[in-house]
Amino acid sequence: MKPSILSGLLAATCVLAGMPAHADTVFLSTQLRPIEEATVVRESILDGVPLAVKYVVEEPPQFAVRLEAERQAGIHTISLVGALHGELSPIAAKDGFVQLDELAAKLALAGMSKPVLDLGRLGKEHQQYIPWMQATYVMAANKQALAYLPEGADVNALTYDQLIAWGKRMQSETGQARIGFPAGPKGLMPRFFQGYFYPSFTGGVVRPFKSADAVKGWERFKELWSVVNPNSTNYNFMQEPLLADEVWVAWDHVARLKEAVSQQPDQYAIFPAPAGPRGRGFMPVIAGLAIPKGAPDQGDAVAVIEHLVKPQTQILTAQSVGFFPVVQATLPEDTDPGIKLLANAVEATQTAKDALISLLPVGLGDRGGEFNKVYMDTFQRIVLREEPIATVLDDSASALVKLMGETGAPCWAPDAVSTEACPVE
């Protein structure tokens, strides 16, 4: 980095933080940036912290640059950072964070989910960040559909085989395909394949892309799709077909189900996505809290983290900004019933005994769209065009190998760690 650029960034940091740095504990975040959300953080969520905290927001690209500028110059003004898992990972790779093993052990004893807490290690021996808040994807069902559940099935512990049987029974007895997916042009169907389907059937996302387990998984998904509403290829937000009574059972991001659930909370059951032979794959969108090495107020930063992950603060965060708890927290009775339903499903997902976390892709840069296209092209060819599964997987695997090689992206969970580009085995 050129000295003039570095000096400018550091000068901006000092002004933004209100030097001298020790006047306040500076909390820099890529999350909750809109002025309404940032105001809630400053005036409500951070209320009760026994110290002065200056909450500063930053766009993700500038976030990494600012931290690198401080690291190179050895002039530290930021004591605490909040960012998404993938935004924290490159900094941890440069050994840029204070180890938080003691705090992690304390939170584990307090009941924080081990799979979620372990994400904060970022593949390292020591804890790099503490989970802060999360969103994810869940299932929603019109309560009319519950009468058609297979005998012995529990929606909170559903399997893909049971979902298929459920769909077949609904179609047989109502004359309509009642399951829906957001497979439209702006839908989040790629995340279903990357975070739910592939992990559940293969235990990975990239490595086992064309494995025998993947072939079996696609065979099962073809059977599931036979009882999926064909309009799913036009659906972008599943709250709309749910409200229109076009589908009774749907999978989507919590934010894309919220309108239906909030409008008619008594009409819906919200629950985790199904499990496959390898577990209950799910994709958390995790924001974490970390302390940069050299932070001027490390003890105060720990105090802020402890405040932000307290159950009552986590509840307030959910109620105020719609990010859900990473700890066990019971929302009060006066919470928006829709938010409460979604939050309970998020907690049920992360605490499921067979939970298998699949992270958002890491290391692809601006080529994430190409990664999504591999999975959607595979779906369209196998399921919609009924092309031979093995042939399609071989073709798609070639495209995936090329993409991973050109980006150099190493594997992310649940795939086994790699030091170089994640291989397709």
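Within each chain, residues carry numbers counting from 1 in the order of the written sequence. Per-residue local features are limited, in this predicted model, to residues with pLDDT of at least 70; the limit for side-chain atom pairs, both in listing and counting, is 80 or more; totals at the level of whole chains, interfaces and linings are taken over all residues. Excluding hydrogens and water, the side-chain figures rest on all heavy atoms present in the structure.

Caption draft 1: Structural detail: the state of the cysteines. Here, the term disulfide refers to a pair of cysteine sulfur atoms separated by no more than 2.5 Å. Taken as a whole, this structure holds one disulfide when the rule is applied. Note that Cys411 is cross-linked by a disulfide to Cys422, the S-S spacing being 2.0 Å. Taking the torsion about the S-S bond as the criterion, the Cys411 to Cys422 disulfide, at about 95 degrees, is right-handed. You can see Cys411 sitting in the segment after helix 16 (389-407) and its partner Cys422 sitting in the segment after helix 16, a full eleven residues away along the chain. A run of H or I in DSSP counts as a helix once it spans at least four residues, and a run of E counts as a strand once it spans at least two, with each numbered from the N terminus.

Caption draft 2: Region of interest: the packing of aromatic side chains. Note on aromatic contacts: the rings of Phe and Tyr and the six-membered ring of Trp form a pair at centre separations within 6.5 Å, being stacked when their planes are under 30 degrees apart, edge-to-face when over 60 apart, and tilted otherwise. According to the stated counting rule, one finds 33 aromatic pairs in the structure shown. Only when the NZ atom of a Lys or the CZ atom of an Arg is both within 6 Å of the ring centre and within 35 degrees of the ring normal do we say a charge sits over the ring. A cation over a ring is seen here: Arg178 above Trp248, with NZ or CZ 3.8 Å from the ring centre.

Caption draft 3: Up close: helix 3 (residues 60-73). The span you would expect from a helix comes to 1.5 Å times its residue count less one. An ideal rise of 1.5 Å per residue puts 20 Å on 14 residues; helix 3 measures up with 20 Å between its terminal C-alpha atoms. For helix 3, the complete set of buried residues consists of Phe63, Arg66, Leu67, Glu68, Ala69 and Glu70. Just beyond helix 3, the residue with positive phi is Gly74, at close to 70 degrees. Exposure is judged per residue with a 1.4 Å probe applied to protein chains only, and the accessible area is read against the type maximum: over 50% gives exposed, under 20% gives buried, and values in between give partly exposed.

Caption draft 4: Quick look at the environment of Val205. For Val205, the location among the structural elements is in the loop between helix 8 (189-202) and helix 9 (212-225). With 28 residues separating them along the chain, Val205 and Ala177 place their C-alpha atoms 29 Å apart. Any two residues whose heavy atoms approach within 4.5 Å are treated as being in contact. Contact partners of Val205, with chain neighbours within four places excluded, come to Gln194, Tyr198, Pro199, Ser358, Phe371, Tyr375, Pro414 and Asp415.

Caption draft 5: Looking closely at helix 14 (residues 337-350). Over its 14 residues, helix 14 runs 20 Å from end to end, which matches the ideal 20 Å to within 8%, given 1.5 Å per residue. Within the sequence span of helix 14, burial applies to Gly338, Ile339, Lys340, Leu342, Ala343, Ala345, Val346, Thr349 and Gln350. Two or three places before Gly338, at the start of helix 14, stands the capping residue Asp336, its side-chain oxygen 2.7 Å from that residue's backbone nitrogen. Distance and chemistry together define a polar contact, namely a pair of N or O atoms within 3.5 Å, with one atom able to donate a hydrogen and the other to accept it when in protein, and with adjacent residues in sequence counting only for side-chain atoms on both sides.

Caption draft 6: Representation of the sheet that holds strand 2 (residues 53-57). Two strands qualify as a pair provided that DSSP identifies no fewer than 2 bridges between them. The five strands are arranged 2-1-3-10-4 in an open sheet whose pairing can be described as mixed. Whereas interior strands pair on both sides, the edge strands pair on one side only; in this sheet they are strand 2 and strand 4 (130-135). When the angles between neighbouring strand axes are averaged without regard to direction, this sheet yields 20 degrees. Taken together, the four bridges between strand 3 (residues 80-84) and strand 10 (residues 285-290) define a ladder with antiparallel strand orientation. In the strand pairing of strand 10, Ala83 is matched with Gly288. Orientation is described by lines fitted to C-alpha atoms, with helices fitted over the stretch in contact, and by angles between N-to-C directions that extend from 0 to 180 degrees.

Caption draft 7: Examining the pattern of salt bridges more closely. The term salt bridge refers to a side-chain nitrogen of Lys or Arg lying within 4 Å of a carboxyl oxygen of Asp or Glu. In the structure shown here, the tally under the stated rule is 21 salt bridges. Note that Arg278 and Asp213 form a salt bridge whose closest N and O atoms lie 2.6 Å from each other. You can see Arg278 sitting in the loop between strand 8 (268-271) and strand 9 (280-282) and its partner Asp213 sitting in helix 9, a full 65 residues away along the chain. One salt bridge in this structure joins Asp354 and Arg280, with 3.0 Å as the shortest N-O distance. Of the two residues, Asp354 is situated in the loop between helix 14 and strand 11 (355-357) and Arg280 in strand 9; the sequence distance between them amounts to 74 residues. On the basis of relative accessible area, Asp354 is assigned to the partly exposed category, the value being 30%. Relative accessible area serves as the criterion here: at 4%, Arg280 is assigned to the buried category.

Caption draft 8: Spotlight on the side chain of Gln350. Looking at where Gln350 falls in the secondary structure, it is placed in helix 14. Apart from the residues within four sequence positions on either side, Gln350 is in contact with Ser113, Val116, Gln134, Phe282, Pro325, Val326, Val327 and Ala355.

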